[in-house]
Amino acid sequence: MDRRQRKTRESIFKAFIALLSKKHFNHITVGEIIELADVGRATFYAHFETKDFLLKDLCGELFDHLFDPNAEKSGAGIFHCNTRDFVFLHLFKHIQNNDNNLAKLLSCKNNDLFLEYFKSGVTNLVVSHIGDFEKKKPSILPHDFWIRHITATFIETLKWWLENGMSQSPETITEYFLQSV
């Protein structure tokens, strides 16, 4: 993708994020997106088949570098960072920094849309880092139950943190999460 195409996509993403923070996904029209992004309808459809594909691509841009270890290497994603933090701490830091309005999106009216996509990524993240949690796993629990439990604990920790204004540091909320598992 060339620089002009990337700038156009970023403009559409920014317009979409702005609209999502104000109104429900189902009430946003392609016309509103292209007007705010200042692009033509043909340009929009050259990048995205539908508004649903726009949402899917936006979620991919926001989350893939966290959930896909190859995303940074391929140049994908709109987060640019080189961190060696524990992956869950890294995620909380991005949310606290509100990188790409991530905190706003995860706490807006449309948060179910993002949390569902996010949950899928967190599940994959838990699976790829299951060794970090194995010492805490009660032997009676089935493996798939344990993965779901860790994922749900992370999502609920995140929701609680957002609802409480992210008053704890990412390090503290990561510790809350780890102590809860």
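See above for the structure.
Draft legend 1. Representation of the pattern of salt bridges in the model. Per the stated rule, a full pass over the model turns up five salt bridges. When the shortest N-O distance is used, the salt bridge between aspartate 57 and arginine 9 registers 3.7 Å. Highlighted residues: aspartate 57 in helix 4 (residues 51-67) and arginine 9 in helix 1 (residues 3-20), separated in sequence by 48 residues. Since its relative accessible area comes to 24%, aspartate 57 is described here as partly exposed. Note that lysine 159 is salt-bridged to glutamate 156, the shortest N-O span being 3.4 Å. Taken as a pair, lysine 159 and glutamate 156 lie in helix 9 (residues 143-163) at a separation of three residues, close to a single helical turn. By relative accessible area, which is 28% here, lysine 159 ends up partly exposed. Taking the relative accessible area as the measure of exposure, glutamate 156 reaches 47% and is therefore partly exposed. The network of salt bridges with shared partners includes Arg9, Asp57 and Glu61.

Draft legend 2. Structural view of the packing of aromatic side chains. Across all of its chains, the model carries 14 aromatic pairs by this definition. Ring centres 5.2 Å apart and planes at 90 degrees place the aromatic pair phenylalanine 154 and phenylalanine 177 in the edge-to-face group. Of the two residues, phenylalanine 154 is situated in helix 9 and phenylalanine 177 in helix 10 (residues 170-180); the sequence distance between them amounts to 23 residues. Grouping residues by exposure puts phenylalanine 154 and phenylalanine 177 together as buried. Every member of this aromatic cluster is reached through a ring pair, and the members are Phe86, Phe88, Phe92, Phe118, Phe133, Phe154, Trp161 and Phe177. One Lys or Arg, lysine 51, reaches over the ring of phenylalanine 25 and ends 4.3 Å from the middle of that ring.

Draft legend 3. Representation of unusual backbone geometry. Of note in the backbone geometry, aspartate 38 takes a positive phi value of approximately 60 degrees without being a glycine. Judged by relative accessible area, which is 70%, aspartate 38 ranks as exposed. For methionine 166, which is not glycine, the phi dihedral falls at a positive 50 degrees.

What counts and what doesn't
Residues numbered from 1 in each chain as written. Predicted model: local features only at pLDDT ≥ 70, side-chain atom pairs only at ≥ 80, totals over all residues. Heavy atoms only, no water. Salt bridge = Lys/Arg side-chain N within 4 Å of Asp/Glu carboxyl O. Helix = DSSP H or I, 4+ residues; strand = E, 2+ residues; numbered from the N terminus. Buried < 20%, exposed > 50% of the residue type's maximum accessible area, 1.4 Å probe, protein only. Phe/Tyr/Trp six-rings, centres within 6.5 Å; stacked < 30°, edge-to-face > 60°. Lys NZ or Arg CZ within 6 Å of the ring centre and 35° of its normal.

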